[in-house]
Amino acid sequence: MIKIIETLGVANKSLASESRDSVESETLLKATKIEKNFGNTPVLKGISLTANRGDIITLIGSSGSGKSTFLRCLNLLEQPDGGELEVHGQKIGFKNTRHGRAPENDRHVQWMRSRVAMVFQNFNLWAHMTLLENIVEAPIHVLGVSKSKAYEHAHSLLERVGLAERSEHYPSQLSGGQQQRGAIARALAMNPDVMLFDEPTSALDPELVGDVLRVIRSLKEEGRTMILVTHEMQFAEDVSTKIMYLNQGKVEEVGTPSQIFGHPSSARLRQFLSTR
Ligand code: ADP
Ligand code: MG
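The present account deals with the structure reproduced in this document. If you're wondering where the values come from, they're calculated on a predicted model, not measured in any experiment.

1. Some points on the pairing of strand 2 (residues 41–52)
Working step 1: With nine bridges joining them, strand 1 (residues 27–38) and strand 2 adopt antiparallel strand pairing. Following the sheet pairing, E35 is matched in strand 2 by K45.
Working step 2: Connecting strand 1 to the antiparallel partner strand 2 that follows it, the hairpin turn spans two residues, and G39 within it adopts a positive phi of roughly 60°.

Encoded structure:
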């Protein structure tokens, strides 16, 4: 990891940004006017977001409003067609290619993915690996962590998400809730700056939702920075520092949970909330 960071010339910057006086409002992820088109259809029409350390930003909005696409642009699972991205003070450069806009440097993509971890609705654990193997894979092969350190860390993460007894299980031998907690442990193993969650509980049976939400809440308590898409409105209201309401690829309204849920100003947002 250090090697990748040095290659990018950001080592000093990261170190400097950890100095005491800058910690309070340290910006970990900044997206400016992100645009994305699928074919000729604009799906994101200039969405901006700044996540400072400890922020929990929740995106709400009806199906098709662009929440998943925006999250995927934030860790370059989708290439934005316009706008800027900055992670931990490091700007991601883009170039125009025959196939459209693409990141200037593949190392930026790898670095970005290791700093900004995604937890998906359908868990996406690798089916042919045990839970433990799922967790140590990227730390060993992407970050270059030693096997013994990676396994030690993985065991402590599994304990933390309540899966210490399941480390040798394959995903198919686990419930959805266990798989999702495993996926969260896998994301944590990279010690990311920012965690993205795309409807992490939507695919779960109702009785399994609580355990996953409890793990996410515990991440808030340790000061993790998260960007969350969820339909669990009560949870969003409880944990978020900021709520963004997306409508048709634009931010229609943004505010604190009490502003958004207590005093929504846009008629569309009021309509959206009334159907919840
Ligand atoms: P949300 O997560 O808010 O439900 P999405 O970001 O999934 O919304 O989708 C936003 C819009 O983009 C929708 O109209 C969807 O059909 C379209 N879309 C999403 N992914 C693709 C894709 N890979 N190709 C074409 N259209 C897509
Ligand atoms: Mg979605």
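Text resumes after the structure shown.
2. A look at the site of ligand 1
Working step 1: Every residue close to ligand 1 is listed here: F38, V43, S62, S63, G64, S65, G66, K67, S68 and T69.
Working step 2: Contacts to ligand 1 include S68, whose side-chain N or O atom sits 2.9 Å from an oxygen atom.
Working step 3: Protein coverage of the free-state accessible area of ligand 1, which is 560 Å², stands at 56%.
Working step 4: Across the shell around ligand 1, the residue classes break down as two nonpolar, seven polar and one charged.

3. A short note on the sheet that holds strand 9 (residues 194–198)
Working step 1: As summarised here, the arrangement of the six strands in space is 8-9-10-3-11-12, forming an open sheet in which the pairing is mixed. A single partner strand is all that each edge strand has here, and the edge strands are strand 8 (116–119) and strand 12 (250–255). For this sheet, the mean angle separating the axes of adjacent strands, direction not counted, is 20°.
Working step 2: Both strand 8 and strand 9 contribute to a ladder of four bridges, which runs parallel. Bridge pairing in strand 9 places V119 opposite F197.
Working step 3: Strands strand 8 and strand 9 of the sheet are contacted by helix 4 (residues 106–115), whose axis makes an angle of about 60° with strand 8.

4. Looking at the packing of aromatic side chains
Working step 1: Taken as a whole and assessed by the stated rule, the structure comprises one aromatic pair.
Working step 2: On the basis of an interplanar angle of 35° and a centroid distance of 5.3 Å, the ring pair of Y245 and F272 is categorised as tilted. Taken together, the positions of Y245 in strand 11 (residues 242–247) and F272 in helix 11 (residues 267–274) put the pair 27 residues apart, joining distant regions of the chain.
Working step 3: Of the residues examined, Y245 reaches a relative accessible area of 2% and is grouped as buried.
Working step 4: We classify F272 as buried; its relative accessible area is 5%.
Working step 5: Taking the ring centre of F94 as reference, the NZ or CZ of R101 above it sits at 4.2 Å.
Working step 6: A cation sits over an aromatic face here: R186 above W126, 4.5 Å from the ring centre.

Calculation criteria
Residues numbered from 1 in each chain as written. Chains lettered and ligands numbered in written order. Predicted model: local features only at pLDDT ≥ 70, side-chain atom pairs only at ≥ 80, totals over all residues. Heavy atoms only, no water. Pairing = 2+ DSSP bridges. Helix = DSSP H or I, 4+ residues; strand = E, 2+ residues; numbered from the N terminus. Near = heavy atom within 4 Å. Polar contact = N/O pair within 3.5 Å; in protein donor to acceptor, adjacent residues only side chain to side chain. Areas by Shrake-Rupley, 256 points an atom, 1.4 Å probe, with all protein chains shown as cover. Nonpolar A, V, L, I, M, F, W, Y, C, P; charged D, E, K, R; others polar. Axes fitted to C-alpha atoms, helices over the stretch in contact; angles between N-to-C directions. Contact = heavy atoms within 4.5 Å. Phe/Tyr/Trp six-rings, centres within 6.5 Å; stacked < 30°, edge-to-face > 60°. Buried < 20%, exposed > 50% of the residue type's maximum accessible area, 1.4 Å probe, protein only. Lys NZ or Arg CZ within 6 Å of the ring centre and 35° of its normal.

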